[in-house]
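# Examination of the molecular architecture
Listed below, chain by chain, are the residues.
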Amino acid sequence: MKREHYIPFDKEFILKQHLTTFSDDPKKVEEFKKLFDIIEHYFHYEAFNLIRNLKKNYAAFNPDLSPKERKENKEISNLLNFKETLHNVLDLANYQRVDKATLDKALKDSDLIGLNLDIDFAFFKEFELYVQGHHTTKEKVSHYFFWKKEIEVEYYDRVVVYLNYKDANYFKTKKVNVEKLLIDPECIVLKVFKRVPKNDLETVFPNAIPRMSTTDKLLFWIPGIVGTFSLLSTKVIPALLKMDAAYKSDEAIDLLNSKTSLTQGLIALGILAAYLFRQYNNFVNKKIKYSKMLSDSLYFKNLGNNSGAFYSLLNSSEEEVLKETILAYSFLNRSENPLTAEELDNQIESWFLTNLNTNLDFDVKDALLKLESIGLGFETNGKWGVIPLDKALIRIDEIWDGVFDYNQK
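Presented here is a report on the structure given in the accompanying data block. (Residues numbered from 1 in each chain as written. Predicted model: local features only at pLDDT ≥ 70, side-chain atom pairs only at ≥ 80, totals over all residues. Heavy atoms only, no water.)

## Focus on the overall build of the protein
For clarity, the cut-off: Only DSSP runs of H or I with at least four residues qualify as helices, and only runs of E with at least two residues qualify as strands; both kinds are numbered from the N terminus onward. Accessibility here uses a 1.4 Å probe with only protein chains present; expressed as a share of the type maximum, an area under 20% marks a residue as buried, one over 50% as exposed, and anything in between as partly exposed. In this analysis, two residues are considered to be in contact whenever any of their non-hydrogen atoms come within 4.5 Å of each other. The Shrake-Rupley method, run with a 1.4 Å probe, gives the accessible areas here. Residue values count only the displayed protein chains as cover.
Across its full length, the protein carries twelve helices and nine strands. Across the 409 residues that make up the protein, the buried fraction comes to 42%. Across the protein, the fraction of contacts at a sequence separation of at least 24, relative to all contacts at a separation of at least 6, is 76%. Accessible area of the protein: about 23,700 Å², with a carbon and sulfur share of 54%.

Have a look at this one:
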């Protein structure tokens, strides 16, 4: 998997790491803490404006509101504005969109369940999946009946699901009872999950139907058809035909041999039936396991639904922007000379790899643009620098003073 911009450490950890660079100067330590704190509050204020925009434009599509409430919000809600703002938040939080190839692979492969899932994508006008962060771990899965094997499973740290359902006319043409649907037509569902296996990514869809895998089908149908045909043709049917022919011709019947042959055939059929039942029961057990996985996701992996998901996403976007900004400022502040964007990028990525054993693709462009927008960073002849800590505190305080300008002259 390609490197991503997501920084897998929380903001307090990043702050603690970079305070050590000022350990010989207690005054600078306090100034850096204050700068961190006030920038954090400023970004929180910006996030407040984003969530207000999201709520307003989502109201007409929010399944948690009644049809009457959604209708009343039709005039103020705008789908294009909602999607644009949502994509902006996801981009700030360093989420990546899942492409079709990745989803198709997840539909074919299954590391943990061993089931094929059918999803009727026609239910949706559009659907999108976004992921943030990834890690791998070892899991034990069933392998060849009683054996288990340990495999390496890749997990996404966060997954965002966006589902825009079609209107009522579509469901009526498909003879689906709209009143029995668990979601109102034309609504938009948003969900945030944590720790989702990459190859079981399809499990986040609400209308996934479990089906037998190709292996399960082969283990069920081939022995069933071949075994049944073989036993009937070599044991049961010949014994019955022999007994019937002898009865019709008044010949003496070797009853003992005929019964023995018939009994052997029926016993073999019983054993075959028990095998087929076992195979089918394995499929049922996998369905139960899948249901439990969904239940666990609902209680332990679900981080937010619909408008409630905004808070999780905005908190994540705030943290990512703050970490990127502070990292860029810290490295530029302690550099003796201005740095190009590439030099700064290399220094930060090298620091993560050396000190935290983390290989990431630092989003240096966004970090520098944010520093420039709040007046802490500047570019001269392609090289970047930052204003000193004491002046940075004055500058960020001026920004705060201009946020609410209610004085009338």
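## Describing the packing of aromatic side chains
Quick reminder of the rule: Classification of ring pairs uses Phe, Tyr and Trp, with its six-membered ring standing for Trp, and accepts pairs whose centres are within 6.5 Å; under 30 degrees between planes counts as stacked, over 60 as edge-to-face, and the remaining range as tilted. Distance and angle both matter: a charge sits over a ring if NZ of Lys or CZ of Arg is within 6 Å of the ring centre and within 35 degrees of the ring normal.
For the structure shown, the criterion picks out 18 aromatic pairs. Centroid distance Phe-9 to Phe-352: 6.2 Å. Interplanar angle 25°. Geometry classified as stacked. Pair noted here: Phe-9 is in the segment before α1 (11–19) and Phe-352 is in helix α10 (residues 341–356), with a separation of 343 residues, a long-range link. Where Phe-82 meets Phe-310, the ring centres are 6.2 Å apart and the plane angle is 55°; that geometry is what we call tilted. One end of the pair, Phe-82, is in helix α4 (residues 79–92); the other, Phe-310, is in helix α9 (residues 309–334), with 228 residues separating them in the sequence. With relative accessibility at 0%, the residue Phe-82 sits in the buried group. Taking the relative accessible area as the measure of exposure, Phe-310 reaches 0% and is therefore buried. Taken together, Phe-9, Phe-13, Phe-331, Trp-351 and Phe-352 form an aromatic cluster joined through their ring pairs. Its end group placed over the ring of Tyr-170, Lys-166 keeps NZ or CZ at 4.5 Å from the ring centre.

## Remarks on the pattern of salt bridges
Rules: A side-chain nitrogen of Lys or Arg and a carboxyl oxygen of Asp or Glu constitute a salt bridge if their distance falls within 4 Å.
Tallied over the full model, the rule gives twelve salt bridges. Measuring nitrogen to oxygen at the nearest pair gives 3.9 Å for the salt bridge that ties Glu-30 to Lys-33. Linking Glu-30 with Lys-33, this pair stays in helix α2 (residues 26–58), spanning three residues, or about one helical turn. Assessed through its relative accessible area of 41%, Glu-30 is described here as partly exposed. Its relative accessible area of 37% is what places Lys-33 among the partly exposed residues. Glu-320 serves as the salt-bridge partner of Lys-323, at 2.9 Å between the closest nitrogen and oxygen. Here Glu-320 and Lys-323 lie together in helix α9, a separation of three residues that amounts to about one turn.

## Considering the packing of α9 against helix α11 (residues 364–373)
Our working definition: In this analysis an axis means a line fitted to C-alpha atoms, helices contributing only their contacting stretch, and an angle means the value between N-to-C directions, from 0 to 180 degrees. Put simply, angles under 35 degrees are roughly parallel, angles over 145 are roughly antiparallel, angles from 65 to 115 are roughly perpendicular, and the rest are oblique. Classification used: nonpolar for Ala, Val, Leu, Ile, Met, Phe, Trp, Tyr, Cys and Pro, charged for Asp, Glu, Lys and Arg, polar for all others including Gly.
Contact geometry for α9 and α11: axes closest at 9 Å, N-to-C directions at 80°. As summarised for this structure, α9 and α11 are arranged roughly perpendicular, according to the angle between their axes. Contacts between α9 and α11 pair Val-321, Glu-324, Thr-325, Ala-328, Tyr-329 and Leu-332 from the former with Asp-366, Ala-367, Leu-368, Lys-370 and Leu-371 from the latter. Of the residues that constitute the contact of α9 with α11, the class distribution is seven nonpolar, one polar and three charged.

## Side note on the pairing of strand β8 (residues 377–380)
Quick reminder of the rule: DSSP-based pairing: two strands are paired if at least 2 bridges between them are found.
Sheet topology places β8 next to strand β9 (residues 383–386); four bridges connect them, and they run antiparallel. Residue pairing across strands places Phe-378 opposite Gly-385, the latter belonging to β9. Linkage of β8 to β9, two consecutive antiparallel strands, is achieved through a turn of two residues, within which Asn-381 is found at a positive phi near 55°.

## What about the side chain of Lys-370?
Examined against the element boundaries, Lys-370 turns out to sit in helix α11. Beyond its immediate chain neighbours, meaning those up to four positions away, Lys-370 contacts Phe-43, Glu-46, Val-321 and Thr-325.

## Some details on the nonpolar core
Selection criterion: Throughout this description, the term nonpolar core refers to a set of buried Ala, Val, Leu, Ile, Met, Phe, Trp, Tyr and Cys residues connected via side-chain atoms within 4.5 Å.
Formed by 45 residues in total, the largest nonpolar core has its most connected members in Leu-35, Ile-39, Leu-327, Tyr-329, Leu-344, Phe-352 and Leu-376. Among the elements of the structure, α1, α2, α9, α10, α11, β9 and α12 (389–401) are those that each provide at least two residues to this core. Once residues lying within four places of it in the same chain are set aside, the contact partners of Leu-376 are Leu-35, Ile-39, Tyr-329, Leu-371, Gly-385, Val-386, Ile-387, Ala-392 and Arg-395. Core analysis: the next-biggest nonpolar cluster, separate from the first, contains 25 residues, Phe-124, Leu-129, Val-131 and Val-189 among them.

## Thoughts on helix α5 (residues 100–108)
Where we set the bar: Picture the helix axis, draw a direction to every C-beta atom, and the arc is the one those directions span.
Those residues of α5 lying buried are Thr-102, Leu-103 and Ala-106. All buried residues of α5 fall inside an arc of 95° around its axis, so they share one side. Exposed residues pointing more than 90 degrees away from the buried face of α5 are listed as Lys-100, Ala-101 and Lys-108.

## Quick look at the packing of α4 against α9
It is the contact of α4 with α9, at a shortest axis distance of 7 Å, that shows an interaxial angle of 45°. In terms of orientation, α4 and α9 fall into the oblique class. Seen from α4, the contacting residues are Phe-82, Leu-86, Val-89, Leu-90 and Leu-92; seen from α9, they are Phe-310, Leu-313, Leu-314, Ser-317, Glu-320 and Val-321. Looking at the contact of α4 with α9 residue by residue, the class counts come to nine nonpolar, one polar and one charged.

## Some thoughts on the environment of Tyr-311
Relative to the elements of secondary structure, Tyr-311 occurs in helix α9. Along the sequence, Tyr-311 and Phe-48 sit 263 residues apart, while their C-alpha atoms lie 9.8 Å from each other. When residues no more than four places from it in sequence are discounted, the contact partners of Tyr-311 are Ile-51 and Lys-55.

## Observations regarding the environment of Glu-126
For Glu-126, the location among the structural elements is in strand β3 (residues 124–143). Exposure remark for Glu-126: the relative accessible area of 23% places this residue in the partly exposed category. Along the primary structure Glu-126 and Ile-188 are separated by 62 residues, whereas in three dimensions their C-alpha atoms are 9.6 Å apart. Other than its neighbours up to four places away in sequence, Glu-126 contacts Lys-83, Tyr-162, Leu-163 and Asn-164.

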